[in-house]
Amino acid sequence: MSAITQDWLSLFLRWAHIVAAIGWIGSSFYFMWLDASLRRAANLPEGVTGESWSVHGGGFYRVQKYAVAPERMPADLHWFKWESYLTWLSGFALMAVTYYWSASSYLLAPGSGLAPWQGVGISLAGLALGWVFYDRLCKSPLKANPSLMFAVLFLGIVAAAWAYGLVFSGRAAFLQTGAMIATLMTGNVFLVIIPNQKLVVDDLRAGRTPDPQFGEIAKLRSTHNNYLTLPVIFLMISNHYPMTFGHGRSWAIVALVLVMGAIVRHWFNRYEAGATGVAVQWQWPLSGAIAAALIGLTAWQPPGRVAVGERVTTGEALAIVEARCASCHAAAPTDPGFDAPPGGVALETPAELRAHAQRVLAQTVLSDAMPLGNLTGMTEQERARLGAWIRAGMPDE
């Protein structure tokens, strides 16, 4: 596959993935809001737990929710499932085109002794085993204590993020963690929520009284999806920010993001349910404190990994970049994976190196994000000396 073909496939799939995700997240957030906004009113039909009135686009809407199901099937019933399915399918295809196809550059950790097919196998196994762990957790005795069950799930996700960091590149480990969580969420829809709803529909069509447990199970899984959504979005967009995935303790960043995302989502859920006072006041200060901790954690990096020694000249800094980075970051890249410099960043002259120095510092000195897969064999000494030149103000001599 040529580089330009791969880039176009990646772009189209990323586009489709974002569009599908907007539909899924939008419907998920809407129904969580709808549940929270339901109010009891006089003269509601039997079995209706509440209703919600809203106005949009010049019209008024009235929605009623049944505790289990109506007495008979309505003529038209709208299902919300393909938003989830298409989000996962497009995301997996994007992962395959970008990370699996170029596993040695994007998926595997620098210096990994694994073959590309082994890395892909570990990734696929991680997605499957993540679902098995989660599904069994939801069916375990812990289901009687949802908060404790969610805490165990949190520890499982953090442990997986740590393990992925031992095998995959920092960027791929973050993406794999996000993909694993997204697989749990889509698995909930495909294997639990929709099948349970179909059982209720089948009972209605057969004239039987639906079992309320099916709705309760589906609601629990839907709530899990709701609280996991914001962390997944963070993990998916973080591949543009090496201070996250390139940090030596990236698993700790995953842990903080999981907590922060759940807290923010909890605020929305409580606020939309009409809560006031302390119930909707503690979330934002705590989220702000976690955000500060994230910034502090990523900013705290040793100034140099190894002793630098004598002063670094511009000529030496440029020589390091020419040897380790210019195969990709050049007007005419020699790396077969690129037809143009990634991100439009060329590093062939002192002026170009100075113009992109802070990006080089973040992606090459403070993390191992670049060079990709460290295929050019950049050493710790070279990273340290390049960082020393940047921190010294990039002197001419």
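As shown above, the structure is provided for reference.
Residues numbered from 1 in each chain as written. Predicted model: local features only at pLDDT ≥ 70, side-chain atom pairs only at ≥ 80, totals over all residues. Heavy atoms only, no water.

Things to note about the overall build of the protein chain
Thought 1: Helix and strand counts for the protein chain stand at 14 helices and two strands.
Thought 2: For the protein chain, the spread of C-alpha atoms along the three principal axes comes to 85 × 50 × 50 Å.
Thought 3: Within the span of the protein chain, comprising 397 residues, buried residues form 43% of the whole.
Thought 4: Taking contacts inside the protein chain between residues at least 6 apart in sequence as the whole, the part at least 24 apart equals 67%.
Thought 5: Only carbon and sulfur atoms are counted for the fraction: they give 65% of the accessible area of the protein chain, which is about 20600 Å².
Thought 6: The centroid of the 27 positive side-chain charges in the protein chain is displaced by 8 Å from the centroid of its 25 negative side-chain charges. (Helix = DSSP H or I, 4+ residues; strand = E, 2+ residues; numbered from the N terminus. Buried < 20%, exposed > 50% of the residue type's maximum accessible area, 1.4 Å probe, protein only. Contact = heavy atoms within 4.5 Å. Areas by Shrake-Rupley, 256 points an atom, 1.4 Å probe, with all protein chains shown as cover. Lys, Arg positive; Asp, Glu negative; His and termini not counted. Charge placed at Lys NZ, Arg CZ, Asp CG, Glu CD.)

Regarding the environment of Cys328
Thought 1: Along the chain, the position of Cys328 falls in the loop between helix 11 (314-324) and helix 12 (350-355).
Thought 2: Taking C-alpha positions, Cys328 is 31 Å from Leu294, a pair spaced 34 residues apart along the chain.

Examining the pattern of salt bridges
Thought 1: Here the structure, examined in full by the defined rule, presents 10 salt bridges.
Thought 2: A salt bridge links Arg221 to Asp135; the nearest nitrogen and oxygen atoms lie 2.9 Å apart. One end of the pair, Arg221, is in helix 7 (residues 212-237); the other, Asp135, is in helix 4 (residues 116-139), and 86 residues separate them in sequence. Each member of the pair, Arg221 as well as Asp135, is classed as buried.
Thought 3: One salt bridge in this structure joins Arg385 and Glu316, with 2.5 Å as the shortest N-O distance. Taken together, the positions of Arg385 in helix 14 (residues 380-391) and Glu316 in helix 11 put the pair 69 residues apart, joining distant regions of the chain. (Salt bridge = Lys/Arg side-chain N within 4 Å of Asp/Glu carboxyl O.)

A word on the packing of helix 2 (residues 82-100) against helix 4
The axes of two packed helices give the description: the angle between them and the distance between them.
Thought 1: Between helix 2 and helix 4, the least distance of the axes is 12 Å, while the angle of their chain directions is 155°. In terms of axis orientation, helix 2 runs roughly antiparallel to helix 4. The crossing of helix 2 and helix 4 is right-handed. Note on element contacts: helix 4 touches helix 2 through Val120, Ser123, Leu124 and Leu127, opposite Phe92, Met95 and Tyr100.
Thought 2: Of the residues assigned to the contact of helix 2 with helix 4, the class counts are six nonpolar, one polar and no charged. (Axes fitted to C-alpha atoms, helices over the stretch in contact; angles between N-to-C directions. Parallel < 35°, antiparallel > 145°, perpendicular 65-115°, else oblique. Left-handed = near helix turned anticlockwise from the far one by under 90°. Nonpolar A, V, L, I, M, F, W, Y, C, P; charged D, E, K, R; others polar.)

Quick look at the packing of helix 5 (residues 146-167) against helix 9 (residues 250-272)
Thought 1: Two elements in contact, helix 5 and helix 9, have axes whose closest approach is 8 Å; the angle formed by their N-to-C orientations is 150°. In terms of their interaxial angle, helix 5 and helix 9 are classed as roughly antiparallel. Taken as a pair, helix 5 and helix 9 cross one another with a handedness that is right-handed. Together, Phe154, Ile157, Val158, Ala161 and Trp162 of helix 5 and Trp251, Val254, Ala255, Leu258 and Val259 of helix 9 make up the contact between the two elements.
Thought 2: Its residues assigned to classes, the contact of helix 5 with helix 9 comprises 10 nonpolar, no polar and no charged.

Some words on the side chain of Ser169
Thought 1: With respect to the element layout, Ser169 can be found in the loop between helix 5 and helix 6 (170-205).
Thought 2: With residues up to four places along the chain from it excluded, the contact list for Ser169 reads Tyr106, Leu107, Leu108 and Ala109.

Structural measurements only, silent on function.
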